[in-house]
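The residues making up each chain are set out below.
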Amino acid sequence: MGVSDGWVEVGDQVFVRRYEFFDQNIGLILGRAEALVIDTRSTYAQAREIQDHVRELTDSPIGVVVDTHGHFDHAFGNAVFRPATIWGHERCVSFMVRTGERRKVTIGQEEPAIADELREIVIDPPDRVFATHATVEVGGREVDLRFLGRGHTDHDILIDIPGTDVVFGGDLVENGNVPFFNDGYPLEWPATLDALAARVGSGVVVVPGHGDHGGKAFLDAQRESVSRLADLARRVEGGELTLDDGVAQHPFPEHPAEDARRGFERALAQIRGELDRVDTSP
């Protein structure tokens, strides 16, 4: 699946569209006379683009939105979809409230092409939340939302559509880049991926937050790489390796070593017990 392929049906009335900006996947689930959208992108203009593209497949209203997590590229378009109900993990709300305004500024500096659009964003967190599991209905169709543990953030969720072989993993899995560790919990991430893998059979399509979708082999490789980084970080903390040595041995060989440095720094902070004492989110 490429960024120019439009909607790709990966399950019965379950679609993915891959957008060039951040190589991001947006999900669409169609029920009877109602649609559910997974993630809302970075700006109002990008969110409206999703709405326009949904109309290629259905005239049904988008009654439900699910945020896989609260990062700007997944949830800053939320307000465009109101009055739809927006679902997310309970900590997605506190994360967006705590970090949203300052990230409008920092992301605008990093991505100047969308800086003006970010300034108009009103942070609009989910209004329906859960702790471990929720079942959402869209047009008579059930969709399961699950929190399996901390990983990419402290609130990433899995979207599972019963009766299909499709799972949306959000940024717990990412294809084509080193996973984004800036708000992550590297020591717990492997166990969270183990819990995800336990729900994925050999024929299941795993849709990552970014990059091409894959299957169980892709998921297993992600788990192994994240686990390997955590193990290397423990060796750094134990004095067996320097940080530079650990980074040089990073488990994402198709990407530059420096792309993995933040993952090591975050893992070391978690080993030292720093992540749960203070707000470390930039």
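The following paragraphs examine the structure supplied in this document.

Parameters and conventions
- Residues numbered from 1 in each chain as written.
- Predicted model: local features only at pLDDT ≥ 70, side-chain atom pairs only at ≥ 80, totals over all residues.
- Heavy atoms only, no water.
- Pairing = 2+ DSSP bridges.
- Helix = DSSP H or I, 4+ residues; strand = E, 2+ residues; numbered from the N terminus.
- Axes fitted to C-alpha atoms, helices over the stretch in contact; angles between N-to-C directions.
- Contact = heavy atoms within 4.5 Å.
- Buried < 20%, exposed > 50% of the residue type's maximum accessible area, 1.4 Å probe, protein only.
- Right-handed = clockwise from strand over helix to strand, strands pointing away.
- Core = buried A, V, L, I, M, F, W, Y, C linked by side-chain atoms within 4.5 Å.
- Lys, Arg positive; Asp, Glu negative; His and termini not counted.
- Salt bridge = Lys/Arg side-chain N within 4 Å of Asp/Glu carboxyl O.
- Polar contact = N/O pair within 3.5 Å; in protein donor to acceptor, adjacent residues only side chain to side chain.
- Expected span 1.5 Å × (residues − 1).
- Phe/Tyr/Trp six-rings, centres within 6.5 Å; stacked < 30°, edge-to-face > 60°.
- Lys NZ or Arg CZ within 6 Å of the ring centre and 35° of its normal.

With that settled, the discussion passes to the sheet that holds strand 1 (residues 7–11). Read from one edge of the open sheet, seven strands run 1-2-3-4-5-6-7, paired in mixed fashion. Of all the strands in the sheet, the pair left with one neighbour each is strand 1 and strand 7 (128–130). Looking at each pair of strands side by side, their axes are set apart by 25 degrees on average, direction ignored. In the sheet, strand 4 (residues 34–38) pairs with strand 5 (residues 62–66) via four bridges, with the strands oriented parallel. Note on strand 5: the bridge partner recorded for Leu-36 is Val-64. The strands that helix 1 (residues 44–54) touches are strand 1, strand 2 (14–19), strand 3 (24–31), strand 4 and strand 5; relative to strand 2, the one it contacts most, it runs at about 135 degrees. Here helix 3 (residues 90–110) sits on the sheet and contacts strand 6 (85–89) and strand 7; the angle it forms with strand 6, its principal contact strand, is near 95 degrees.

Strand residues, when the strand is regular, have side chains that alternate between the two faces of the sheet. With four of five residues buried, strand 4 is to be regarded as a mostly interior element. Pairing between strand 3 and strand 4: five bridges, direction antiparallel. Along strand 4, the bridge assignment pairs Ile-29 with Leu-36. Connecting strand 3 to the antiparallel partner strand 4 that follows it, the hairpin turn spans two residues, and Ala-33 within it adopts a positive phi of roughly 60 degrees. What joins strand 4 to strand 5 is helix 1, and the crossover it makes is right-handed.

With that settled, consider the nonpolar core. Counting 29 residues, the largest nonpolar core has Leu-28, Val-37, Ile-50, Val-54, Ile-62, Val-65 and Phe-81 as the members making the most contacts within it. Secondary-structure elements contributing two or more residues to this core are strand 2, strand 3, strand 4, helix 1, strand 5, helix 2 (72–75) and helix 3. Ignoring anything within four residues of it in the chain, the contact list for Val-65 reads Val-37, Thr-40, Asn-78, Phe-81, Ala-84, Thr-85, Ile-86 and Trp-87. Listed in part, the 27 residues of the second largest apolar core include Val-204, Val-206, Val-226 and Ala-260.

Right, let's talk about the side chain of Ser-42 for a bit. Secondary-structure assignment places Ser-42 in the loop between strand 4 and helix 1. Discounting chain neighbours no more than four positions away, the residues touching Ser-42 are Phe-21, Phe-72, Asp-73, Phe-76, Ile-114, Leu-118 and Ile-121.

Here we come to the sheet that holds strand 9 (residues 141–146). Ordered in space as 8-9-10-11-12, the five strands form an open sheet in which the pairing is mixed. Of all the strands in the sheet, just strand 8 (133–138) and strand 12 (205–208) have a single pairing partner and so form its edges. Adjacent strand axes in the sheet meet at a mean angle of 20 degrees, parallel and antiparallel pairs treated alike. One ladder, built from two bridges, connects strand 10 (residues 158–160) with strand 11 (residues 166–170); its direction is antiparallel. Each bridged residue has a counterpart across the sheet, and for Ile-159 the counterpart in strand 11 is Phe-168.

Positionally, Asp-39 belongs in the loop between strand 4 and helix 1. In this structure, Asp-39 is buried with no salt-bridge partner, the nearest side chain bearing the opposite charge being Arg-41 at 9.8 Å. Side chain to side chain, Asp-39 and His-74 meet in a polar contact 2.7 Å long. Beyond its immediate sequence surroundings of up to four residues, Asp-39 is in contact with Ile-26, Ile-50, Val-66, Asp-67, Thr-68, His-69 and His-74.

With that settled, consider the environment of Val-205. Mapped onto the secondary structure, Val-205 falls in strand 12. By relative accessible area, Val-205 is classed as buried at 18%. Along the backbone, Val-205 and Gly-6 are 199 residues apart, and their C-alpha atoms lie at a distance of 18 Å. Here Val-205 is in contact with Val-10, Asp-165, Val-166, Val-167, His-213 and Gly-214, once residues within four sequence places are set aside.

Okay, helix 6 (residues 216–237) next. Helix length check: helix 6, at 22 residues, gives a terminal C-alpha distance of 32 Å against a target of 32 Å (1.5 Å per residue), a fit within 8%. Where helix 6 is concerned, the buried positions are Phe-218, Leu-219, Gln-222, Ser-225, Val-226, Ser-227, Leu-229, Ala-230, Leu-232, Ala-233 and Val-236. Taken together, the buried residues of helix 6 touch helix 5 (189–197), strand 12, helix 7 (243–248) and helix 8 (261–271).

Counted under the stated rule, the structure contains four aromatic pairs. Ring geometry for Phe-22 versus Phe-72: centroids 5.7 Å apart, planes at 85 degrees, classification edge-to-face. Of this pair, Phe-22 sits in the loop between strand 2 and strand 3 while Phe-72 is found in helix 2, placing the two residues 50 residues apart along the sequence. The exposure class of Phe-22 is partly exposed, given its relative accessible area of 31%. What makes Phe-72 buried here is its relative accessible area of 9%. In this structure, Arg-41 is placed above the aromatic ring of Tyr-19, and the distance from its NZ or CZ to the ring centre is 3.9 Å. When the ring centre of Tyr-185 is taken as reference, the NZ or CZ atom of Arg-266 above it lies at 5.4 Å.

Limitation: the analysis is restricted to geometry and does not speak to function.
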